[in-house]
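Each chain is listed here by its residues.
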Amino acid sequence: MMAKRVGIYPGTFDPITLGHMDIIERGAKLVDELIIGVTTNIAKSPMFDDGERISMVEREVAGLASKSIRVVGFNSLLMNFAEHMKADIVIRGIRGVTDFEYEYQLTGMNRQLNDRIETVFLMADVELQPIASRLVKEIALYGGPIEKFVTPAVRADVEERVQKMGKRGD
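Rules behind the numbers
Residues numbered from 1 in each chain as written. Predicted model: local features only at pLDDT ≥ 70, side-chain atom pairs only at ≥ 80, totals over all residues. Heavy atoms only, no water. UniProt positions renumbered as here; feature names shortened; annotations may be inferred. Salt bridge = Lys/Arg side-chain N within 4 Å of Asp/Glu carboxyl O. Helix = DSSP H or I, 4+ residues; strand = E, 2+ residues; numbered from the N terminus. Buried < 20%, exposed > 50% of the residue type's maximum accessible area, 1.4 Å probe, protein only. 1 Å grid on protein atoms, 1.4 Å probe; cavity = no way out; pocket = protein on both sides within 12 Å on 5 of 7 lines; lining within 4 Å. Points joined across faces, edges and corners; volume = space filled by probe spheres on them. Nonpolar A, V, L, I, M, F, W, Y, C, P; charged D, E, K, R; others polar.

For the protein chain, an unreviewed UniProt entry supplies the name Phosphopantetheine adenylyltransferase and the organism Qipengyuania qiaonensis. UniProt's Pathway (unreviewed entry) comment on the protein chain is quoted here verbatim: "Cofactor biosynthesis; coenzyme A biosynthesis; CoA from (R)-pantothenate: step 4/5." Check the Catalytic activity (unreviewed entry) section of the UniProt entry for the protein chain; it says "(R)-4'-phosphopantetheine + ATP + H(+) = 3'-dephospho-CoA + diphosphate".

What follows is the structure, encoded as structure tokens:
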């Protein structure tokens, strides 16, 4: 009997976008179980706290056909988290050359930490390539429309948060 193949798709998901959802759906087809690892990147200032982002991701993936997806928060090195979850692969989405350069370096460092875990890159769908959580937040903070980048529920979450934070600009 073959061992169960476990994959991790890590990210801050602040907020989760249609691009993330595309990678989740496609990544779930590559493994027996996909763990979406929701973490905090200390280099980013999140709009939503850890619990809010975990709940948001859980809500968004609940409707997917794959029942082998679970959402887990973590606050450690990715390779330590992957080992703890008994993962075989890490799935990363690539939007373009800039993402690739960053991910290539990160993958090299991760292999130094744990060479048992492979990294698999999935190219973003062409129509979803420009979407970045950072840009979604910026557009929303300046009162721009974000419905092309996130689901209606996430849009409502972001708009509610912007109301609390206060819109920027004119």
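After that view of the structure, there is still more to cover.
Caption draft 1: Just the pattern of salt bridges, in detail. One pass over the structure, following the stated rule, counts 15 salt bridges. Residue D22 pairs with R26 through a salt bridge whose shortest N-O separation is 2.7 Å. You can see D22 and its partner R26 sitting in helix α1 (residues 18-28), 4 residues apart, about one turn around the helix. In this structure D22 comes out as buried when scored by relative accessible area, which is 15%.

Caption draft 2: Region of the structure containing unusual backbone geometry. The amide bond that connects D14 to the next residue, P15, takes the cis arrangement and shows omega of 0 degrees. Among the secondary structure elements, P15 is positioned in the loop between β1 (6-11) and α1. Located in the positive-phi region is F13, a residue other than glycine, with phi close to 50 degrees. If you trace the backbone, F13 turns up in the loop between β1 and α1. You can call F13 buried: its relative accessible area is 1%. Although it is not a glycine, K86 sits at a positive phi angle of roughly 60 degrees. Along the polypeptide, K86 turns up in the loop between α3 (78-84) and β4 (89-94).

Caption draft 3: Focus on the UniProt feature "domain: Cytidyltransferase-like" (unreviewed entry) in the protein chain. Mapped onto this numbering, the UniProt entry annotates "domain: Cytidyltransferase-like" (unreviewed entry) at residues 8-138. Secondary structure across residues 8-138 divides into 40% helix and 21% strand, with the first and last C-alpha atoms of the span separated by 28 Å.

Caption draft 4: Quick look at empty space enclosed by the protein. Per the stated rule, a full pass over the model turns up 2 cavities of 30 Å³ or more. Lining the largest cavity, in full, are T12, D14, T39, T40, N41, K44, S45, P46, R53 and K137. Class assignment for the residues of the lining of the largest cavity results in 1 nonpolar, 5 polar and 4 charged. In this structure, the second largest cavity spans a volume of roughly 30 Å³. Along its surface, the second largest cavity is lined by L78, V90, R92, E103, L106, T107, N110 and T119. Looking at the lining of the second largest cavity, the elements with two or more residues in it are β4 and α4 (97-113).

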